[in-house]
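# Tertiary structure, described
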Amino acid sequence: MGSTKNVHPYFFRSKGFHSSDDITISTLVTPNRFQVLNRLATNYQGPISAAIRISDDDSGEEALTELYRLVENSPDMQKHVDVHLIIDDYDRQFNMWRNVAKLFAKTDYIMMLDVDFHVCTDIRSSLRELLPDLRKKLESGQAAIVVPAFEYLDQQDGEDWHRFPTHKDQLAQQPIDMFHRSWTRGHGSTNYTQWYQATEPYKVTEYNYSYEPYVIMKKQGTPWCDERFIGYGANKAACLYEIYLSGMEYWVLPHDFIIHQTHHYPEETRTKERWYNRKLYTNFREELCLRYARKMMADGDWEKPKADNLKEECAKIKGFTTTVQRIGE
(Lines give C-alpha, C1' and ligand atoms only; values in the text may rest on other atoms or scores of the structure.)
Protein backbone atom coordinates (compact mmCIF):
# COMPACT_ATOMS: atom_id res chain seq x y z
CA MET A 1 0.00 0.00 0.00
CA GLY A 2 1.11 3.60 -0.52
CA SER A 3 2.60 5.76 2.22
CA THR A 4 0.55 5.21 5.37
CA LYS A 5 1.44 8.60 6.84
CA ASN A 6 -1.17 10.18 4.57
CA VAL A 7 -3.87 7.58 5.30
CA HIS A 8 -6.22 8.28 8.19
CA PRO A 9 -8.43 5.20 8.83
CA TYR A 10 -11.89 5.78 10.28
CA PHE A 11 -11.60 9.55 10.01
CA PHE A 12 -15.34 9.26 10.45
CA ARG A 13 -16.46 5.99 12.05
CA SER A 14 -19.97 4.67 11.44
CA LYS A 15 -22.21 4.42 14.49
CA GLY A 16 -24.47 1.62 13.26
CA PHE A 17 -24.08 -2.08 14.01
CA HIS A 18 -23.54 -4.44 11.09
CA SER A 19 -23.12 -8.18 11.46
CA SER A 20 -19.87 -9.77 10.35
CA ASP A 21 -21.59 -11.67 7.52
CA ASP A 22 -23.03 -8.48 6.00
CA ILE A 23 -21.72 -7.01 2.73
CA THR A 24 -19.69 -3.82 2.92
CA ILE A 25 -19.69 -1.66 -0.18
CA SER A 26 -16.02 -0.85 -0.72
CA THR A 27 -15.68 2.33 -2.75
CA LEU A 28 -13.46 5.31 -3.53
CA VAL A 29 -14.64 8.89 -3.56
CA THR A 30 -13.33 12.27 -4.69
CA PRO A 31 -14.74 15.58 -3.38
CA ASN A 32 -16.96 16.15 -6.40
CA ARG A 33 -18.82 12.92 -5.55
CA PHE A 34 -19.61 13.57 -1.87
CA GLN A 35 -23.34 13.95 -2.49
CA VAL A 36 -23.37 10.72 -4.50
CA LEU A 37 -21.81 8.91 -1.52
CA ASN A 38 -24.52 10.33 0.72
CA ARG A 39 -27.14 9.08 -1.71
CA LEU A 40 -25.55 5.62 -1.73
CA ALA A 41 -25.67 5.49 2.08
CA THR A 42 -29.36 6.41 2.08
CA ASN A 43 -30.21 3.92 -0.65
CA TYR A 44 -28.12 0.95 0.51
CA GLN A 45 -28.82 1.20 4.25
CA GLY A 46 -25.84 -1.04 4.94
CA PRO A 47 -22.11 -0.79 5.71
CA ILE A 48 -19.92 1.28 3.41
CA SER A 49 -16.13 1.63 3.55
CA ALA A 50 -15.18 4.77 1.63
CA ALA A 51 -11.64 5.84 0.78
CA ILE A 52 -11.78 9.59 0.25
CA ARG A 53 -8.82 11.35 -1.30
CA ILE A 54 -8.22 15.09 -0.93
CA SER A 55 -5.26 17.28 -1.89
CA ASP A 56 -2.86 18.74 0.66
CA ASP A 57 -3.65 22.34 -0.29
CA ASP A 58 -6.42 24.91 -0.06
CA SER A 59 -8.77 22.83 -2.18
CA GLY A 60 -8.27 19.98 0.29
CA GLU A 61 -9.20 22.24 3.18
CA GLU A 62 -12.37 23.24 1.37
CA ALA A 63 -13.20 19.61 0.64
CA LEU A 64 -12.67 18.68 4.27
CA THR A 65 -15.00 21.44 5.41
CA GLU A 66 -17.62 20.19 2.97
CA LEU A 67 -17.15 16.61 4.21
CA TYR A 68 -17.62 17.66 7.86
CA ARG A 69 -20.79 19.49 6.91
CA LEU A 70 -22.11 16.53 4.95
CA VAL A 71 -21.56 14.01 7.74
CA GLU A 72 -22.98 16.35 10.36
CA ASN A 73 -26.21 16.72 8.41
CA SER A 74 -26.62 13.13 7.17
CA PRO A 75 -27.91 10.51 9.63
CA ASP A 76 -27.31 7.80 7.01
CA MET A 77 -23.66 8.80 6.60
CA GLN A 78 -23.24 8.77 10.37
CA LYS A 79 -24.86 5.35 10.72
CA HIS A 80 -23.41 3.43 7.77
CA VAL A 81 -20.23 5.02 6.36
CA ASP A 82 -16.66 4.55 7.56
CA VAL A 83 -14.56 7.29 5.95
CA HIS A 84 -10.84 6.66 5.47
CA LEU A 85 -9.17 9.91 4.53
CA ILE A 86 -6.23 9.96 2.13
CA ILE A 87 -4.37 13.28 1.97
CA ASP A 88 -2.18 13.13 -1.09
CA ASP A 89 -1.19 15.31 -4.03
CA TYR A 90 -1.00 12.28 -6.33
CA ASP A 91 -4.29 12.02 -8.15
CA ARG A 92 -6.10 8.94 -9.48
CA GLN A 93 -4.27 6.24 -7.53
CA PHE A 94 -7.43 4.21 -7.85
CA ASN A 95 -6.04 0.81 -6.87
CA MET A 96 -4.33 2.15 -3.78
CA TRP A 97 -7.62 3.75 -2.76
CA ARG A 98 -9.47 0.49 -3.42
CA ASN A 99 -7.04 -1.34 -1.16
CA VAL A 100 -7.57 1.18 1.64
CA ALA A 101 -11.35 0.78 1.43
CA LYS A 102 -11.04 -3.01 1.43
CA LEU A 103 -8.48 -3.16 4.24
CA PHE A 104 -10.65 -1.24 6.67
CA ALA A 105 -13.99 -2.85 5.78
CA LYS A 106 -15.43 -4.37 8.96
CA THR A 107 -17.45 -7.28 7.55
CA ASP A 108 -16.46 -10.64 6.06
CA TYR A 109 -17.66 -9.71 2.57
CA ILE A 110 -17.12 -6.69 0.36
CA MET A 111 -18.62 -5.43 -2.85
CA MET A 112 -16.14 -3.48 -5.00
CA LEU A 113 -18.34 -0.72 -6.40
CA ASP A 114 -17.79 2.63 -8.08
CA VAL A 115 -19.68 5.24 -6.10
CA ASP A 116 -21.61 6.42 -9.17
CA PHE A 117 -23.63 3.21 -9.34
CA HIS A 118 -27.11 3.01 -7.89
CA VAL A 119 -27.94 -0.27 -6.17
CA CYS A 120 -31.41 -1.02 -7.52
CA THR A 121 -32.25 -4.31 -5.79
CA ASP A 122 -31.89 -6.00 -2.41
CA ILE A 123 -28.55 -7.68 -3.05
CA ARG A 124 -28.04 -8.76 0.54
CA SER A 125 -31.28 -10.76 0.55
CA SER A 126 -30.25 -12.43 -2.68
CA LEU A 127 -26.93 -13.47 -1.13
CA ARG A 128 -28.71 -15.04 1.83
CA GLU A 129 -30.81 -17.10 -0.59
CA LEU A 130 -27.91 -18.51 -2.61
CA LEU A 131 -27.92 -22.21 -3.32
CA PRO A 132 -25.91 -24.06 -0.64
CA ASP A 133 -23.09 -25.11 -2.99
CA LEU A 134 -22.57 -21.58 -4.29
CA ARG A 135 -22.84 -20.11 -0.80
CA LYS A 136 -20.11 -22.50 0.31
CA LYS A 137 -17.88 -21.36 -2.54
CA LEU A 138 -18.42 -17.72 -1.59
CA GLU A 139 -17.69 -18.39 2.08
CA SER A 140 -14.51 -20.30 1.27
CA GLY A 141 -13.22 -17.66 -1.14
CA GLN A 142 -13.64 -19.89 -4.20
CA ALA A 143 -16.21 -17.69 -5.92
CA ALA A 144 -17.04 -14.03 -6.45
CA ILE A 145 -20.60 -12.95 -7.20
CA VAL A 146 -21.19 -10.63 -10.16
CA VAL A 147 -23.91 -7.97 -10.02
CA PRO A 148 -24.77 -6.99 -13.63
CA ALA A 149 -24.21 -3.32 -14.46
CA PHE A 150 -26.34 -1.21 -16.80
CA GLU A 151 -26.52 2.31 -18.19
CA TYR A 152 -29.13 4.31 -20.09
CA LEU A 153 -28.80 4.68 -23.85
CA ASP A 154 -29.52 8.39 -23.47
CA GLN A 155 -27.11 9.67 -20.85
CA GLN A 156 -29.63 12.27 -19.68
CA ASP A 157 -31.95 9.48 -18.54
CA GLY A 158 -29.24 8.31 -16.15
CA GLU A 159 -29.19 11.58 -14.23
CA ASP A 160 -32.39 10.98 -12.22
CA TRP A 161 -32.03 7.91 -10.01
CA HIS A 162 -35.60 8.31 -8.78
CA ARG A 163 -36.77 6.86 -12.10
CA PHE A 164 -34.50 3.81 -12.06
CA PRO A 165 -36.24 0.41 -12.12
CA THR A 166 -36.14 -1.79 -9.03
CA HIS A 167 -37.18 -5.10 -10.63
CA LYS A 168 -35.84 -7.09 -13.54
CA ASP A 169 -39.12 -6.99 -15.48
CA GLN A 170 -39.17 -3.19 -15.19
CA LEU A 171 -35.59 -2.94 -16.40
CA ALA A 172 -36.42 -4.93 -19.51
CA GLN A 173 -38.87 -2.20 -20.54
CA GLN A 174 -36.36 0.64 -20.18
CA PRO A 175 -34.12 2.22 -22.89
CA ILE A 176 -31.11 0.69 -21.20
CA ASP A 177 -28.20 -1.59 -22.05
CA MET A 178 -25.13 -3.18 -20.51
CA PHE A 179 -22.66 -0.77 -18.96
CA HIS A 180 -20.07 0.52 -21.45
CA ARG A 181 -21.74 -1.26 -24.35
CA SER A 182 -19.23 0.40 -26.71
CA TRP A 183 -16.50 -1.68 -25.01
CA THR A 184 -18.12 -5.09 -24.78
CA ARG A 185 -14.98 -6.76 -23.43
CA GLY A 186 -15.42 -4.81 -20.22
CA HIS A 187 -18.73 -6.40 -19.20
CA GLY A 188 -19.73 -8.70 -22.04
CA SER A 189 -18.56 -11.85 -20.24
CA THR A 190 -21.51 -11.40 -17.89
CA ASN A 191 -23.60 -12.56 -20.89
CA TYR A 192 -26.56 -10.21 -20.69
CA THR A 193 -28.58 -12.30 -23.14
CA GLN A 194 -28.40 -15.18 -20.70
CA TRP A 195 -29.09 -12.89 -17.75
CA TYR A 196 -32.45 -11.74 -19.09
CA GLN A 197 -33.56 -15.38 -19.24
CA ALA A 198 -31.87 -16.60 -16.04
CA THR A 199 -33.75 -17.63 -12.93
CA GLU A 200 -30.76 -19.05 -11.03
CA PRO A 201 -27.15 -17.89 -10.66
CA TYR A 202 -24.93 -18.95 -13.55
CA LYS A 203 -21.19 -19.24 -14.00
CA VAL A 204 -19.18 -16.92 -16.24
CA THR A 205 -17.75 -19.21 -18.91
CA GLU A 206 -16.33 -16.79 -21.49
CA TYR A 207 -13.84 -14.78 -19.46
CA ASN A 208 -11.46 -12.29 -21.07
CA TYR A 209 -8.70 -10.26 -19.46
CA SER A 210 -10.54 -6.96 -19.96
CA TYR A 211 -13.54 -8.15 -17.95
CA GLU A 212 -14.18 -5.83 -15.00
CA PRO A 213 -17.52 -6.62 -13.36
CA TYR A 214 -18.67 -5.39 -9.97
CA VAL A 215 -18.32 -8.30 -7.60
CA ILE A 216 -19.07 -9.44 -4.07
CA MET A 217 -16.35 -11.55 -2.50
CA LYS A 218 -14.74 -12.67 0.71
CA LYS A 219 -12.53 -9.95 2.17
CA GLN A 220 -10.01 -12.21 3.84
CA GLY A 221 -7.62 -14.12 1.61
CA THR A 222 -8.60 -12.57 -1.73
CA PRO A 223 -6.00 -10.70 -3.84
CA TRP A 224 -5.32 -7.00 -3.46
CA CYS A 225 -5.34 -4.56 -6.36
CA ASP A 226 -1.91 -3.91 -7.86
CA GLU A 227 -0.96 -0.33 -7.06
CA ARG A 228 1.33 0.15 -10.04
CA PHE A 229 -1.77 1.06 -12.02
CA ILE A 230 -2.29 4.79 -11.63
CA GLY A 231 -4.89 6.70 -13.58
CA TYR A 232 -7.58 5.53 -15.96
CA GLY A 233 -7.45 2.29 -17.89
CA ALA A 234 -6.93 -1.33 -16.85
CA ASN A 235 -6.71 -0.58 -13.13
CA LYS A 236 -9.90 -2.42 -12.16
CA ALA A 237 -9.46 -5.07 -14.86
CA ALA A 238 -6.06 -5.87 -13.31
CA CYS A 239 -7.77 -6.43 -9.95
CA LEU A 240 -10.34 -8.78 -11.48
CA TYR A 241 -7.68 -10.58 -13.54
CA GLU A 242 -5.66 -11.48 -10.46
CA ILE A 243 -8.79 -12.60 -8.64
CA TYR A 244 -9.62 -14.87 -11.57
CA LEU A 245 -6.10 -16.29 -11.89
CA SER A 246 -6.01 -17.03 -8.17
CA GLY A 247 -8.63 -19.70 -8.83
CA MET A 248 -11.90 -17.91 -8.09
CA GLU A 249 -15.01 -18.49 -10.19
CA TYR A 250 -17.36 -15.69 -11.24
CA TRP A 251 -21.08 -16.33 -10.77
CA VAL A 252 -23.82 -13.91 -11.88
CA LEU A 253 -26.88 -13.05 -9.79
CA PRO A 254 -30.02 -13.58 -11.93
CA HIS A 255 -32.36 -10.91 -10.52
CA ASP A 256 -30.14 -8.15 -9.18
CA PHE A 257 -28.57 -5.20 -10.99
CA ILE A 258 -26.97 -1.79 -10.61
CA ILE A 259 -27.33 1.27 -12.86
CA HIS A 260 -24.75 3.92 -13.61
CA GLN A 261 -25.66 7.47 -12.69
CA THR A 262 -24.46 9.72 -15.47
CA HIS A 263 -21.52 12.02 -14.96
CA HIS A 264 -18.84 13.34 -17.30
CA TYR A 265 -15.17 12.33 -17.46
CA PRO A 266 -12.02 14.24 -18.52
CA GLU A 267 -11.63 12.37 -21.81
CA GLU A 268 -8.24 13.78 -22.85
CA THR A 269 -6.68 12.67 -19.57
CA ARG A 270 -8.32 9.26 -19.81
CA THR A 271 -6.93 8.68 -23.32
CA LYS A 272 -3.33 9.37 -22.29
CA GLU A 273 -3.50 7.27 -19.14
CA ARG A 274 -5.17 4.37 -20.92
CA TRP A 275 -2.30 4.24 -23.41
CA TYR A 276 0.24 3.92 -20.62
CA ASN A 277 -1.76 1.41 -18.58
CA ARG A 278 -2.44 -0.73 -21.64
CA LYS A 279 1.29 -1.34 -22.00
CA LEU A 280 1.67 -1.92 -18.25
CA TYR A 281 -1.21 -4.41 -18.27
CA THR A 282 0.43 -6.53 -20.97
CA ASN A 283 3.56 -6.95 -18.87
CA PHE A 284 1.51 -7.39 -15.71
CA ARG A 285 -0.43 -10.35 -17.13
CA GLU A 286 2.77 -12.15 -18.10
CA GLU A 287 4.28 -11.52 -14.67
CA LEU A 288 1.13 -12.65 -12.88
CA CYS A 289 0.85 -15.86 -14.86
CA LEU A 290 4.39 -16.90 -13.95
CA ARG A 291 4.06 -15.82 -10.33
CA TYR A 292 0.84 -17.75 -9.74
CA ALA A 293 2.06 -20.76 -11.68
CA ARG A 294 5.13 -20.98 -9.45
CA LYS A 295 3.01 -20.53 -6.34
CA MET A 296 0.48 -23.18 -7.31
CA MET A 297 3.24 -25.64 -8.13
CA ALA A 298 4.92 -24.97 -4.79
CA ASP A 299 1.62 -25.28 -2.91
CA GLY A 300 0.64 -28.52 -4.67
CA ASP A 301 -2.34 -26.90 -6.42
CA TRP A 302 -1.14 -27.20 -10.02
CA GLU A 303 -3.12 -30.36 -10.76
CA LYS A 304 -6.21 -29.18 -8.86
CA PRO A 305 -9.24 -27.31 -10.25
CA LYS A 306 -7.89 -24.17 -8.58
CA ALA A 307 -5.33 -23.90 -11.40
CA ASP A 308 -7.84 -24.28 -14.25
CA ASN A 309 -8.44 -20.55 -14.76
CA LEU A 310 -4.72 -19.85 -14.85
CA LYS A 311 -3.92 -22.66 -17.27
CA GLU A 312 -6.63 -21.64 -19.72
CA GLU A 313 -6.02 -17.90 -19.58
CA CYS A 314 -2.22 -17.89 -19.43
CA ALA A 315 -1.90 -20.37 -22.29
CA LYS A 316 -2.93 -17.44 -24.51
CA ILE A 317 0.35 -15.69 -23.67
CA LYS A 318 3.15 -16.52 -26.07
CA GLY A 319 5.82 -18.73 -24.51
CA PHE A 320 3.95 -19.39 -21.25
CA THR A 321 3.38 -23.12 -21.77
CA THR A 322 7.02 -23.74 -22.65
CA THR A 323 8.23 -21.71 -19.68
CA VAL A 324 5.98 -23.59 -17.27
CA GLN A 325 7.20 -26.92 -18.57
CA ARG A 326 10.77 -25.84 -17.83
CA ILE A 327 9.81 -24.73 -14.32
CA GLY A 328 8.25 -28.13 -13.67
CA GLU A 329 11.31 -30.11 -14.82
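To start, this report covers the structure provided alongside it.

Reading the values: rules and limits
- Residues numbered from 1 in each chain as written.
- Predicted model: local features only at pLDDT ≥ 70, side-chain atom pairs only at ≥ 80, totals over all residues.
- Heavy atoms only, no water.
- Helix = DSSP H or I, 4+ residues; strand = E, 2+ residues; numbered from the N terminus.
- Rg over C-alpha atoms; globule rule 2.2 N^0.38 Å.
- Buried < 20%, exposed > 50% of the residue type's maximum accessible area, 1.4 Å probe, protein only.
- Areas by Shrake-Rupley, 256 points an atom, 1.4 Å probe, with all protein chains shown as cover.
- Lys, Arg positive; Asp, Glu negative; His and termini not counted.
- Charge placed at Lys NZ, Arg CZ, Asp CG, Glu CD.
- Pairing = 2+ DSSP bridges.
- Contact = heavy atoms within 4.5 Å.
- Axes fitted to C-alpha atoms, helices over the stretch in contact; angles between N-to-C directions.
- Parallel < 35°, antiparallel > 145°, perpendicular 65-115°, else oblique.
- Left-handed = near helix turned anticlockwise from the far one by under 90°.
- Nonpolar A, V, L, I, M, F, W, Y, C, P; charged D, E, K, R; others polar.
- Salt bridge = Lys/Arg side-chain N within 4 Å of Asp/Glu carboxyl O.

Secondary structure summary: the protein chain contains 13 helices and 13 strands in total. Here the C-alpha atoms of the protein chain give a radius of gyration of 20 Å, agreeing with the 20 Å that 2.2 N^0.38 yields for 329 residues. Within the protein chain, the proportion of its 329 residues that are buried is 54%. As displayed, the protein chain offers around 16,100 Å² of accessible surface, 47% of which is attributable to carbon and sulfur atoms. For the protein chain, the distance from the average site of its 41 positive side-chain charges to the average site of its 48 negative ones is 5 Å.

Below, the discussion takes up the sheet that holds strand β11 (residues 214-218). Spatial ordering of the open sheet is given by β1-β4-β3-β2-β5-β11-β7-β12-β10, a layout of nine strands whose pairing is mixed. Edge strands, defined here as strands with exactly one partner in the open sheet, are β1 (7-12) and β10 (202-203). Here five bridges tie strand β2 (residues 23-29) to strand β3 (residues 48-54), and the two strands are oriented parallel to one another. Across the sheet, residue Ile25 finds its bridge partner in β3, namely Ile48. The strands touched by helix α1 (residues 34-44) are β2, β3 and β4 (81-87); relative to β3, the strand with the most contacts, the crossing angle is about 175°.

Taken N-terminus to C-terminus, the directions of helix α4 (residues 94-103) and helix α10 (residues 235-245) make an angle of 55°; their axes are 9 Å apart at the nearest point. Here α4 is positioned oblique relative to α10, judged by the angle of their axes. α4 and α10 meet at a crossing whose hand is right-handed. Contacts between α4 and α10 involve Phe94, Asn95 and Arg98 from the former and Asn235, Lys236 and Cys239 from the latter. Along the lines of polarity and charge, the residues of the contact of α4 with α10 split into two nonpolar, two polar and two charged.

With that settled, consider the sheet that holds strand β8 (residues 149-152). Judged by pairing direction, the sheet is mixed, and its four strands sit side by side in the order β6-β13-β8-β9 without closing on themselves. Each edge of the sheet is formed by a strand with only one pairing partner; in this case those strands are β6 (117-119) and β9 (176-178). The mean angle between the axes of side-by-side strands here comes to 35°, regardless of whether they run parallel or antiparallel. As paired elements, β6 and strand β13 (residues 258-260) share three bridges and run antiparallel to each other. Paired with His118 across the two strands is Ile259, which belongs to β13.

Within the secondary structure layout, Gly60 lies in helix α2 (residues 58-72). Look at Gly60 and you get buried, because its relative accessible area is 3%. Contact partners of Gly60, with chain neighbours within four places excluded, come to Ile54 and Ser55.

It is worth spelling out unusual backbone geometry at this point. One non-glycine residue, Arg92, lies in the positive phi region at around 60°. Of note, Arg92 is situated in the loop between β4 and α4. Backbone geometry places Ala234, a non-glycine residue, at a positive phi of 75°. Here Ala234 shows up in the loop between β11 and α10.

We now examine the pairing of strand β7 (residues 143-147). Burial analysis of β7 places five of its five residues in the buried class, which makes it a mostly covered element. What you see with β7 is no split at all: Ala143, Ile145 and Val147 on one side and Ala144 and Val146 on the other are buried throughout. As paired strands, β7 and strand β12 (residues 249-252) are joined by four bridges and run parallel to one another. When the bridges of β12 are listed, Val146 appears paired with Val252. Judged from the three bridges that link them, β7 and β11 form a sheet pairing that is antiparallel. The partner of Val146 across the bridge, within β11, is Val215.

Here we take up the environment of Val147. As for its placement among the helices and strands, Val147 is situated in strand β7. With eleven residues separating them along the chain, Val147 and Lys136 place their C-alpha atoms 18 Å apart. When sequence neighbours within four positions are dropped, the list of residues in contact with Val147 reads Met111, Ile123, Tyr214, Ile216, Leu253, Asp256, Phe257 and Ile258.

A few words now on the pattern of salt bridges. One side chain can pair with another of opposite charge once the charged atoms of both are near each other. Inspection of every chain in the model, using the stated rule, returns 19 salt bridges. For Glu151, the salt bridge goes to Arg181, with nearest N and O atoms at 3.3 Å. Linking Glu151 in strand β8 with Arg181 in the loop between β9 and α8 (184-187), this pair joins segments that are 30 residues apart in sequence. Notably, a salt bridge pairs Glu313 with Lys316, separated by 3.1 Å at the nearest N-O pair.

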